[in-house]
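Working through the structure, step by step
Read off the chains here:
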Amino acid sequence: MLILKIIFFAIILELLIQIIIRKAKKNFPWFINKIDMYPVFDKDKYKFFLENSFNKKLGWIRKYNSEGFDRIGLKKIKFKISKEGYRSLTKKKKKSLFATFGDSYVFARQVKDNETWQEQMSKNKSYNILNYGVGNYGFDQGLLRYKNTKLNKNIKFVIIGFVPETICRIQSEWKHFIEFGNIHGFKPKFILNKNKLILKPNSLDKNTKLNQLKKIIKKIQSSDRFYKERFKSNMFVFPYTYSFIKNFKFNLSILSYLLVNRMLFSFKNTGLVNENLFSMVVKRNVKEAHKYYTDIYSKKLLNKIIINFKNLAKLRHHIPIIIIFPQLMDLKLKKTRKVYQNFFKEMAKEIHIIDLTSFVLKQDLKKFYTNDKYGGHFSKFGNRVISKIIFSEIKKKYIQKL
């Protein structure tokens, strides 16, 4: 009789969890299931991506000679991309001394063209600093863009900047497996083969048809480590009870939030992404990224890519500099941030690295970062402060070349 009661309870619990997760998914799409393994690609959105953002060598890129907008709440922030591919300059000067590559912190999201750290750093100087940053790039894509960009002869310094989460980005082939919902994010990546750096090309092509995507995704499942380590490990499959328990703390915190805010069984908020919910996702992702700084392969791969950058810059007669931009969540995770700081401290013996973590920790973080669902980029004030820090750190070492 006891066994029957246990079985009955288990069945009821399973059905209850299935119902709750399916309801919750309407307001929290990061609860993923088998359907998300092969998401439905909107024909028009896919076509728009291929025509406006896709790049075979890099994954994606901002369209040359174009305009775009960022948002902070209801506020729209306009930016321009020049016909040469870098972010619009406030004032064109006779020469450009720096070229900067990397992710959204290099691009300086959510501030105007004249408020980026590059523009503020070169404001009273006789030279420009070119901004080739692209949102969501890893160090690998920053390096590849540098390799594929013809720079003018006045360039002396080349900077590649990125967030610590780059240790995951460089190992990703399809962003959806690491950032659930980013379904257009196919990219090339470097792998290590017999301790040598090998480039694995982008699986997506300009001529890839919608009906070919499933085959490509299946192939990537065997070569992208995040399919198993993040996507599959977070996917709800039968029994849902076991899936829930596997990530109990995270799943419970999400459901608790939905319940407290009356969003779990409310359909009025369908499709609404609450900033606090997204913040929980960012925290989980950043915390997991920190762990990869203790993984031997991950560290070796990032080390090799950094040395590749150093050697390429030397070949092109450029001075290579790396800048680490901490996300707000990096700073909040006091227990784990030391692992990436120690890694870059060790790498600084090989190449000039400016890790902004310790500098930013001294600042008023509420003023330093914008308040948005993506975890916060540097505000106008933040960009102004880091422009001074970066220039000061470069000046210490290369005063005669500035």
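Residues numbered from 1 in each chain as written. Predicted model: local features only at pLDDT ≥ 70, side-chain atom pairs only at ≥ 80, totals over all residues. Heavy atoms only, no water.

Moving on: the pattern of salt bridges. Scanning the model with the defined rule gives 18 salt bridges in all. A salt bridge links arginine 109 to aspartate 70, with the shortest nitrogen-to-oxygen separation between them at 2.8 Å. Note that arginine 109 is positioned in the loop between helix H3 (104-107) and helix H4 (117-121) and aspartate 70 in strand E3 (residues 66-72), a separation of 39 residues in sequence. An identical accessibility class is assigned to arginine 109 and aspartate 70; each is buried. Put simply, glutamate 346 and lysine 349 hold a salt bridge, and the shortest N to O gap is 3.1 Å. Glutamate 346 gets classed as partly exposed once you look at its relative accessible area, which sits at 47%. Lysine 349 gets classed as exposed once you look at its relative accessible area, which sits at 64%. One salt-bridge network, in which partners are shared between bridges, spans Glu173, Lys189 and Lys200. (Salt bridge = Lys/Arg side-chain N within 4 Å of Asp/Glu carboxyl O. Helix = DSSP H or I, 4+ residues; strand = E, 2+ residues; numbered from the N terminus. Buried < 20%, exposed > 50% of the residue type's maximum accessible area, 1.4 Å probe, protein only.)

A separate point is unusual backbone geometry. Leaving glycine aside, a negative phi is the common case for residues, and trans is the common case for peptide bonds. Going from phenylalanine 238 to proline 239, the amide bond is cis rather than trans, its omega being 0°. The backbone of glutamine 110 shows a phi angle near 70°, a positive value even though the residue is not glycine. In this structure glutamine 110 comes out as buried when scored by relative accessible area, which is 4%. Not every positive phi belongs to a glycine, and histidine 317 is a case in point at roughly 65°. The topology assignment puts histidine 317 in the loop between helix H12 (296-315) and strand E10 (319-324).

A sheet is described by the order of its strands in space; here five strands give the open sequence E6-E5-E7-E10-E11, paired in parallel fashion. The sheet is open, and its two edges are formed by strand E6 (127-131) and strand E11 (352-355), each paired on a single side. Across the sheet, the mean angle separating the axes of adjacent strands is 20° when strand polarity is ignored. Bridge analysis of strand E5 (residues 95-102) against strand E7 (residues 157-162) gives five bridges, and the strand direction is parallel. (Pairing = 2+ DSSP bridges. Axes fitted to C-alpha atoms, helices over the stretch in contact; angles between N-to-C directions.)

Right, let's get into the environment of serine 203. Along the polypeptide, serine 203 turns up in the loop between strand E9 (196-200) and helix H7 (213-221). Residues serine 203 and isoleucine 217, spaced 14 residues apart in sequence, show a C-alpha to C-alpha distance of 8.8 Å.

Below, the discussion takes up a nonpolar patch on the surface. A cluster of nonpolar residues, Met1, Ile3, Leu4, Ile7, Phe8, Ile11, Ile12 and Leu15, forms a patch on the protein surface that exposes about 880 Å² of accessible area. Checked against the element boundaries, phenylalanine 8 lands in helix H1 (residues 2-24). Residue phenylalanine 8 is classed as exposed on the basis of its relative accessible area, which comes to 55%. (Patch = residues over 30% accessible without salt bridge, like charges linked within 9 Å, V, L, I, M, F, W, Y side chains within 5 Å. Areas by Shrake-Rupley, 256 points an atom, 1.4 Å probe, with all protein chains shown as cover.)

Attention now goes to the side chain of aspartate 70. Under the relative-accessibility criterion, aspartate 70 is labelled buried at 5%. Other than its neighbours up to four places away in sequence, aspartate 70 contacts Lys75, Lys76, Ile77, Phe79, Arg109 and Gln110. (Contact = heavy atoms within 4.5 Å.)

To continue, consider the packing of aromatic side chains. By the definition in use, this model includes 40 aromatic pairs. Ring geometry for phenylalanine 98 against tyrosine 127: centres 5.9 Å apart, planes inclined by 40°, an arrangement best described as tilted. Here tyrosine 127 lies in strand E6 and phenylalanine 98 lies in strand E5, a separation of 29 residues in the sequence. Neither phenylalanine 98 nor tyrosine 127 differs from the other in exposure class; each is buried. Taking 4.9 Å as the distance between ring centres and 5° as the angle between the ring planes, the aromatic pair formed by phenylalanine 101 and tyrosine 132 counts as stacked. With a gap of 31 residues between them, phenylalanine 101 in strand E5 and tyrosine 132 in the loop between E6 and helix H5 (139-147) connect regions that are remote in the sequence. You can call phenylalanine 101 buried: its relative accessible area is 0%. Its guanidinium or amino end placed over the ring of phenylalanine 391, lysine 125 lies 4.3 Å from that ring's centre, counting from NZ or CZ. Seen from the ring of tyrosine 146, arginine 316 lies directly overhead, with NZ or CZ sitting 4.9 Å from the centre. (Phe/Tyr/Trp six-rings, centres within 6.5 Å; stacked < 30°, edge-to-face > 60°. Lys NZ or Arg CZ within 6 Å of the ring centre and 35° of its normal.)

All right, on to the packing of helix H10 (residues 248-260) against helix H11 (residues 275-291) then. Between H10 and H11, the shortest axis-to-axis distance is 10 Å and the interhelical angle comes to 170°. One way to sum up the angle between H10 and H11 is to call them roughly antiparallel. Across from Phe250, Ser253, Ile254, Tyr257 and Leu258 in H10, the residues of H11 making contact are Asn276, Leu277, Met280, Val281 and Arg284. Here the contact of H10 with H11 is built from residues that sort into seven nonpolar, two polar and one charged. (Parallel < 35°, antiparallel > 145°, perpendicular 65-115°, else oblique. Nonpolar A, V, L, I, M, F, W, Y, C, P; charged D, E, K, R; others polar.)

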